[in-house]
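Residue-level structure breakdown
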Amino acid sequence: MSEQPSLIEYPCDFPIKIMGKAQQDFTQIALAIVKYHAPDFDTTTMTVRTSKNGAYLSITCTIRATSRPQLDALYQALSEHPMVAVVL
């Protein structure tokens, strides 16, 4: 089966939403993974929201995506981390 061509034109600004339980170091761990795959990510643009009851955090990072393999690797690394529940 051949790989589908990307519908995204690179480079581009690409928002990634990372959700997980509000645990100590969750934000720092998610940020470290993002920075590993997108070293030029501006941490001041990251937004963090707490769920209504305070049990979950939603982190949004808009990176400058340079390729599909970069995004695939970032999504895989985030999805595989035990503290991360959902990556959108």
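A brief report on the enclosed structure follows. Here the residue numbering is sequential within each chain, running from 1 through the sequence in written order. The predicted nature of this model means local features are confined to residues of pLDDT at least 70 and side-chain atom pairs, given and counted, to a pLDDT of 80 or more, with totals for whole chains, interfaces and linings taken over all residues. Heavy atoms throughout the structure, all of them, feed into the side-chain values; hydrogens and water do not.

1. Some words on unusual backbone geometry
In this chain, tyrosine 10 is followed by proline 11 through a cis amide linkage whose omega measures -5°. With respect to the element layout, proline 11 can be found in the segment before strand E1 (12-21). You will see that aspartate 25, though not glycine, has its phi angle at about 75°, which is positive. Elements are defined by DSSP. Helices are runs of H or I of four residues or more, strands are runs of E of two residues or more, and each kind is numbered from the N terminus. Relative to the elements of secondary structure, aspartate 25 occurs in the loop between E1 and helix H1 (26-37). Each residue is placed in one exposure class: buried if its accessible area under a 1.4 Å probe, protein chains only, is under 20% of its type's maximum, exposed if it is over 50%, and partly exposed if it falls in between. Overall, aspartate 25 belongs to the partly exposed group, its relative accessible area being 40%.

2. Considering the nonpolar core
For the purposes of this section, nonpolar cores are sets of buried Ala, Val, Leu, Ile, Met, Phe, Trp, Tyr and Cys residues that join through side-chain atoms within 4.5 Å. Of all hydrophobic cores here, the largest spans 23 residues; its most connected members are Ile16, Ile18, Phe41 and Ile63. Mapped by element, the contributors of at least two residues to this core are E1, H1, strand E3 (56-65), helix H2 (68-80) and strand E4 (84-87). Between two residues, a contact is recorded if the distance between any of their heavy atoms is within 4.5 Å. The residues touching phenylalanine 41, leaving out its near neighbours within four places in the chain, are Leu31, Val34, Lys35, Met46, Cys61, Thr62 and Ile63.

3. Side note on the sheet that holds E3
Any two strands are treated as partners once DSSP identifies two or more bridges connecting them. Strand order in the open sheet made by the four strands is E2-E3-E1-E4, with antiparallel pairing throughout. The sheet is open, and its two edges are formed by strand E2 (47-50) and E4, each paired on a single side. Ignoring strand direction, the axes of neighbouring strands in this sheet form an average angle of 25°. Summarising the sheet, E1 and E3 pair through 10 bridges and their orientation is antiparallel. Within the sheet, the bridge partner assigned to lysine 21 lies in E3 and is tyrosine 56. In this analysis an axis means a line fitted to C-alpha atoms, helices contributing only their contacting stretch, and an angle means the value between N-to-C directions, from 0 to 180 degrees.

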